[in-house]
Amino acid sequence: MRRGSPVAWVPAIGRVFVATWNLCHEAGRDWRTYGPTSELFNRVYGDPNVMSIDGPEHRALRDAVRQPFTPDAVGRHRETVLRPVAVRLVEAIRERGRADAAVELCEPISQRAIGDLLGFADVEDAVLGRWLHDYGAYMVDLTGSDEAARRGREAKAEVRGYLEERLPALLAAREDTAISHLLHHGTGTGRSRSIDEVIGTMGVIIVGGLQEPAHAAANALLGILSTPVARERLIADPDTWAAVAMEEGLRWIAPFGMTEKRTTRETVLGGVAIAAGTEIALGLGSANHDETRFADAARFDLDRPRLGLVSFGFGTHFCIGNVVARALGTVLLEELFRRLPGLRLDPDAAPVVEGWHVRGATRLPITWDT
Ligand code: HEM
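This report concerns the structure included in the present document. None of the values given here were measured: they were computed from a predicted structure.

Procedures and definitions
Residues numbered from 1 in each chain as written. Predicted model: local features only at pLDDT ≥ 70, side-chain atom pairs only at ≥ 80, totals over all residues. Helix = DSSP H or I, 4+ residues; strand = E, 2+ residues; numbered from the N terminus. Rg over C-alpha atoms; globule rule 2.2 N^0.38 Å. Buried ≥ 20, exposed ≤ 12 C-beta atoms within 10 Å, placed from the backbone. Contact = placed C-beta atoms within 7 Å. Expected span 1.5 Å × (residues − 1). Bend = angle between axes of the 7 residues up to and from the residue. Near = placed C-beta within 6 Å. Nonpolar A, V, L, I, M, F, W, Y, C, P; charged D, E, K, R; others polar. Axes fitted to C-alpha atoms, helices over the stretch in contact; angles between N-to-C directions. Parallel < 35°, antiparallel > 145°, perpendicular 65-115°, else oblique. Left-handed = near helix turned anticlockwise from the far one by under 90°. Pairing = 2+ DSSP bridges.

**With respect to the overall build of the protein**
Helix and strand counts for the protein stand at 13 helices and twelve strands. Over its C-alpha trace the protein gives a radius of gyration of 20 Å, about what one expects of a compact globule, namely 21 Å for 370 residues. With the C-alpha coordinates aligned to their principal axes, the bounding extent of the protein is approximately 55 × 55 × 40 Å. For the protein, buried positions account for 47% of its 370 residues. Excluding contacts between residues fewer than 6 apart, the proportion of contacts in the protein whose partners are at least 24 apart in sequence is 70%.

Below is the structure:
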């Protein structure tokens, strides 16, 4: 597609798919023409949610939910929230000599550490995992399955019940969590947002926030362990190479294969006329592998110049979690390579990378010297 028809209608996803880096950028940055899509997000998460709207209402919700994830805030949380969870998880498996890094490390650190920053410190890991899988499966289901819809709706009802129960305490005292900021930030004295106003955005951060940092960390670890020069560098000097490897992992396998927009007016992209109201998929995974921008793009390469990965989207809806996701993966890689000598892929069990809309290493068997 990138070479032959980089802007094309793809019936299987009911969208015009944009495949190259340049065209994804052109569309992604033109938010007046490529506005937010709302039907899918409203159905899965609820209306309003931060992804579905533009203008002042969007800016207010975005500003509220991003408070615990600004660079300064992540600087504070890195050693107090992210690293302690990473150390605990790595220590729990250290004596065993083998583990599934995707299931036993990346998923739990993402759910626990980001979950705590979202405001779910009192929700058990298993419940957070169920919420994100049920919301997530509904989100990526393009077949209209009744079962996925039922489970997605049940997850949303459970999150609503949880918020209703905690509301009196959340209104009585503010805390530095996404839930609390969503309720209070920027509302003016005396007023707070209602559950109806925040439940949709809670869905966005449950799926994006709890699940994708796990995929990003697992993808980077897979890249390192399947590339001898990268593995040697991480073993020799994790503090220097962990952040570099996270960055290349985010490019190598984009956790979200696409981000969705809807045209607000007639337009032309890459010479192709597009009608107003057309659903658009900006192919992030494809743009990150655009051979006109990234030489030998399929290779996991720690020496690659930074030429602008697009895994976190563009412009007004650019991911507010990008700093914390990068920090979380970096901290986990540092602790893994510091604490598990000779870390390598398990020769007796193959890794599994799956998904397209949401893509990641979901099984990553590793072994090390004990
Ligand atoms: C590696 C992990 C992550 C990836 C790859 C990712 C990717 C994305 C992408 C592609 C978008 C859409 C951008 C656009 O359409 O231009 C997005 C939006 C968003 N992400 Fe993330 N995300 C990640 C982690 C997180 C985390 C940890 C959080 C929160 C804790 C988060 C919260 C959000 C929110 C709230 C939005 C909507 C922003 C808006 O509409 O203004 N994400 N993310």
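**Examining helix 4 (residues 71–93)**
Relative to the 33 Å expected for 23 residues at 1.5 Å per residue, helix 4 spans 31 Å between its end C-alpha atoms, a close match to the ideal helical length. The largest bend in helix 4 is about 60°, located at Arg78.

**Overview of the site of the ligand**
If you check the shell around the ligand, you find 29 residues, and the closest are Gly209, Glu212, Gly313, Cys319 and Gly321. Of all the elements in the fold, those that place two or more residues in the shell around the ligand are helix 3 (55–65), helix 9 (195–225) and helix 13 (322–339). With seven residues, helix 9 is the single largest residue contributor to the shell around the ligand. Looking at the shell around the ligand residue by residue, the classes come out as 19 nonpolar, eight polar and two charged.

**Things to note about the packing of helix 9 against helix 13**
In the contact formed by helix 9 and helix 13, the axes pass within 9 Å of each other and the chain directions differ by 45°. Relative to helix 13, the element helix 9 is oriented oblique. The interaxial crossing formed by helix 9 with helix 13 has right-handed handedness. Touching Glu212, Pro213, Ala216, Ala217, Ala220 and Leu221 of helix 9 are Ala325, Leu328, Gly329, Leu332 and Leu333, all from helix 13. For the contact of helix 9 with helix 13, the class distribution of residues is nine nonpolar, one polar and one charged.

**Let's talk about the pairing of strand 1 (residues 7–10)**
The sheet contact formed by strand 1 and strand 2 (residues 15–18) spans four bridges and is antiparallel. By the bridge assignment for strand 2, Ala8 is matched with Phe17. What sits between strand 1 and strand 2 in their antiparallel hairpin is a turn of four residues, with Gly14 showing a positive phi close to 60°.

**Notes on the sheet that holds strand 8 (residues 279–283)**
Pairing is mixed in the open sheet, where five strands are placed in the order 1-2-8-5-3. With one partner strand each, in any of the chains shown, strand 1 and strand 3 (34–36) form the two edges of the open sheet. Strand-to-strand, the axes of this sheet are offset by a mean angle of 40°, without reference to chain direction. Pairing of strand 3 with strand 5 (residues 258–263) involves three bridges; the strand directions are antiparallel. Bridging from a neighbouring strand, Pro36 pairs with Lys261 of strand 5.

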